Amino acid sequence: PEILAETWQNAAGNALSTLSELVSVADGIACIRVGHPAVRYELTRMKSRIIAVLNEQLGSGSVRFVRFLSA
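Residues numbered from 1 in each chain as written. Predicted model: local features only at pLDDT ≥ 70, side-chain atom pairs only at ≥ 80, totals over all residues. Heavy atoms only, no water.

Asks: Could you give me a rundown of the overall build of the chain, with the residues and numbers involved?
Replies: If you tally the helices and strands in the chain, you get 4 helices and 3 strands. Along the chain, helices (α) and strands (β) appear in the sequence α-α-β-β-α-α-β when read from the amino end. Reported as C-alpha extents along the three principal axes, the dimensions of the chain are approximately 30 × 20 × 20 Å. Within the span of the chain, comprising 71 residues, buried residues form 34% of the whole. Sequence-distant contacts in the chain: of pairs separated by 6 or more residues, those separated by 24 or more amount to 56%. About 4,400 Å² of surface is accessible on the chain, with carbon and sulfur atoms providing 53% of the total. Here the chain contributes 7 positively and 6 negatively charged side chains, and the mean placements of these two sets differ by 11 Å. (Helix = DSSP H or I, 4+ residues; strand = E, 2+ residues; numbered from the N terminus. Buried < 20%, exposed > 50% of the residue type's maximum accessible area, 1.4 Å probe, protein only. Contact = heavy atoms within 4.5 Å. Areas by Shrake-Rupley, 256 points an atom, 1.4 Å probe, with all protein chains shown as cover. Lys, Arg positive; Asp, Glu negative; His and termini not counted. Charge placed at Lys NZ, Arg CZ, Asp CG, Glu CD.)

Right, dumping it as structure tokens:
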């Protein structure tokens, strides 16, 4: 859990990482819990950056897709 939290903070930035949570990374899918539509919108706009940072932190090819979950 600590590794996912730290990785998520690096990927989403300080402000957005406190309003969302990287729940899991499995089978190339990063599942992110989001509680507010505005946060979901901002994260959707950052999707390619998020995938790049997660792959840099977790290993190349670890994440291919991002799935947003309602809190």
